[in-house]
Structures are given as structure tokens and as C-alpha cells.
Amino acid sequence: MKIVRSIREIKSELIRCRNKGRAVGFVPTMGYLHEGHLSLIRKARQDNDVVVVSIFVNPTQFGPDEDYGEYPRDLRRDARLCKKSGADYMFHPTVKSMYPKEYSTFISVEGLTKNLCGKFRPGYFRGVATVVAKLFNIVKPDVAYFGQKDAQQSIVIKRMTEDLDMGIRVEVMPTVREKDGLAMSSRNSYLSSDERKRAVTIYRALQLARDLIKLDDKDARGIIREMRKMLAPVATKIDYVSIVDPHTLKDVKTITGEVLVAVAVWIGATRLIDNILTRY
Ligand code: AMP
């Protein structure tokens with residue numbers, strides 16, 4: 001596996017691969033890799049001739065009071081895990097090369113970013129769409145792999161690739177969880193042992209929603225109320241508990257088909273998100 005920092009170098013390496021007709025699979029990440037990321041890398045390995053993993057903590061998707069500075073980083077471990085999972089290239093550009101002084105272009109995906117995390121993290125999806133578009137232009141993959149864990153992100157990226165005719169297939173892979181159900185996240189490393197125990201309630205609340213829907217409960221507002229009751233004792237703050245249409249991400253009142261049940265809560269100073277897709 002090759003570790004590449006320069007944009008020009010990764011471009012020229014990949015041009016050579018594409019000229020030989022080799023399919024390129026791409027996994028964009030912010031590093032501090034865990035099994036969730038590795039499942040995407042392994043899938044990319046299965047499906048493609050060349051696998052590129054990017055590790056880039058993207059400053060433009062963090063708000064001024066968010067955790068850009070503290071975001072966990074461990075490149076040596078990431079490199080080991082990338083290699084073990086089958087990556088050919090670990091692309092780790094510098095912030096300066098991605099955003100030189102004169103940088104001025106941003107991508108805004110409208111509509112889909114109004115609800116859920118878009119409501120609570122202004123500028124977040126603008127930063128995500130921009131960096132993913134840049135990475136797509138550098139890597140020019142055939143397929144890019146994203147996790148269901150960040151459901152809104154993968155829907156926004158799919159929309160962007162279609163709207164801008166990028167010709168890249170976006171594949172969304174299932175959320176990988178710890179044994180007790182907590183969705184794996186680089187940010188779980190922030191949790192104290194007490195917070196880690198409390199965090200499992202997020203998954204329990206999602207399971208409660210799934211169970212109620214299976215028992216013929218169609219009333220989204222009632223289900224959200226029950227989930228909030230369950231989360232209130234463990235969450236420091238609840239950003240949202242929402243039941244939305246999985247395509248439009250608009251709130252659903254009466255559940256009649258497939259829905260995305262999505263949660264964002266603060267456990268101590270850590271903001272965690274999770275979701276499930278379920279149907280009536
Ligand atoms: P991040 O490094 O958090 O930006 O995540 C990089 C990619 O890994 C995104 O597509 C995420 O959705 C995906 N991902 C993060 N956590 C998980 C997880 N627990 N299961 C599956 N995919 C994940």
C-alpha cells in the first residue's frame with residue numbers, strides 16, 4: 001500500500017490505473033478508523049481493482065465551536081488498518097493543498113439538508129459536499145462507498161453526484177455496531193466509561209421505534225415521544241429524534257411505508273448520531 005500526500009501524485013497514479021482499464025473504488029474518511037470504515041474498505045476491495053482510502057479531517061465541515069482541533073487522529077494505526085483491509089492507496093492530503101489561501105468554491109445541496117443534522121449544524125453539509133466533490137475530482141472513482149450510519153450524508157452525496165452528472169456510483173453499506181448495539185464512531189473515543197454505558201440507549205430507542213412500528217403503531221409523533229422519554233435520562237441534550245421519509249428526509253406524520261428513524265443526542269460533550277431504516 002502506498003501512502004500519498006500530494007494531490008498531483010495521487011492523480012497521476014490513478015490516471016495510470018484507469019488507463020489500464022482498472023476499476024477504482026474509493027472510501028472517503030476522516031480517519032481514526034474503526035470496523036465501520038473497514039467494512040467499506042473491504043467491500044471496495046471485493047468490487048474493484050484499485051482501492052483508495054482518503055484520510056482527511058475536513059475543516060470546512062466543522063462549525064467554529066465544534067471539535068475540529070480535538071478530532072482524534074492516528075495516522076500510523078490508520079495506515080496499518082488500511083493496508084490490512086486491502087487498500088492500495090491511503091491518500092492523506094494537507095489542509096493547505098486542499099484549501100489554498102485563494103480557495104472560493106463551495107457546493108450547496110438544497111432541500112435535503114434542511115432537516116436533521118442540517119438544522120443543527122449550519123454549514124456542515126456545505127463542507128461535506130465540497131470536500132467530497134473535490135476528492136471525487138481528484139480520485140475520479142467508479143464507485144464510492146459510504147456508511148448508513150451517516151444516512152443524511154449519503155443521501156446528500158448521492159443527490160450531488162446525480163445533479164452534477166459526476167458519473168460515480170454511490171454505495172451505502174450497513175451500520176457496523178459494537179456488541180451492545182452502539183454504532184461505531186471515531187467520536188466514541190471521547191466517551192467516559194459512564195457515558196459509554198449511557199450511549200447504548202440511543203440504539204435501544206431506535207429499537208423501541210422499530211418494535212412500535214412493527215406492532216402497527218403509525219403515529220410518528222407518539223413514537224418520537226416514547227423515544228424521547230427513553231433518551232431524556234441519559235442524554236445531556238437531544239438535538240433531534242425524527243421519523244422521516246428516507247428519500248426526501250421530510251418529517252412523516254403517519255407511517256405508511258419505509259421510514260428513516262434518526263437520532264442526534266449529546267452524551268456529555270459528545271454529539272452522537274444513529275438511525276435505522278424500518279417499514280410499516
Ligand atoms: P467519517 O470518518 O466518520 O467521516 O466516516 C467515513 C465513512 O465511514 C462515512 O461514509 C461513514 O458513514 C462511514 N461510517 C462511519 N461509521 C460507520 C459505521 N459504524 N458503520 C458503517 N459505516 C460507518
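As a reminder, the structure under discussion sits directly above these lines.
Residues numbered from 1 in each chain as written. Predicted model: local features only at pLDDT ≥ 70, side-chain atom pairs only at ≥ 80, totals over all residues. Heavy atoms only, no water.

Undergrad: Mind showing me how you'd approach the pairing of strand β9 (residues 270-279) here?
TA: Within a regular strand, side chains alternate between the sheet's two faces. With 8 of its 10 residues buried, β9 lies for the most part within the structure. Of the strand pairs in this sheet, strand β8 (residues 258-267) and β9 are connected by 10 bridges, and their pairing is antiparallel. The residue of β9 that forms the bridge with Trp266 is Arg271. The turn joining β8 and β9, which pair antiparallel and follow one another in sequence, is formed by 2 residues; a positive phi near 60 degrees is taken by Gly268. (Buried < 20%, exposed > 50% of the residue type's maximum accessible area, 1.4 Å probe, protein only. Helix = DSSP H or I, 4+ residues; strand = E, 2+ residues; numbered from the N terminus. Pairing = 2+ DSSP bridges.)

Undergrad: I would appreciate a short explanation of the sheet that holds strand β5 (residues 143-147) in the present structure.
TA: Note on sheets: strands pair through backbone hydrogen bonds, and any given pair is parallel or antiparallel. Reading across from one edge, β1-β4-β3-β2-β5-β6 is the order of the 6 strands in this open sheet, with parallel pairing throughout. Each end of this open sheet is capped by a strand with a single partner; those strands are β1 (2-4) and β6 (169-173). If you compare each strand with its neighbour and ignore which way they point, the axes differ by 25 degrees on average. Bridge analysis of strand β2 (residues 24-29) against strand β3 (residues 50-55) gives 6 bridges, and the strand direction is parallel. Looking at β3, one finds that Phe26 is bridged to Val52. Where helix α6 (residues 124-139) meets the sheet, its contacts fall on β2, β3, β4 (89-91) and β5, and the angle it forms with β2 comes to roughly 150 degrees. (Axes fitted to C-alpha atoms, helices over the stretch in contact; angles between N-to-C directions. Contact = heavy atoms within 4.5 Å.)

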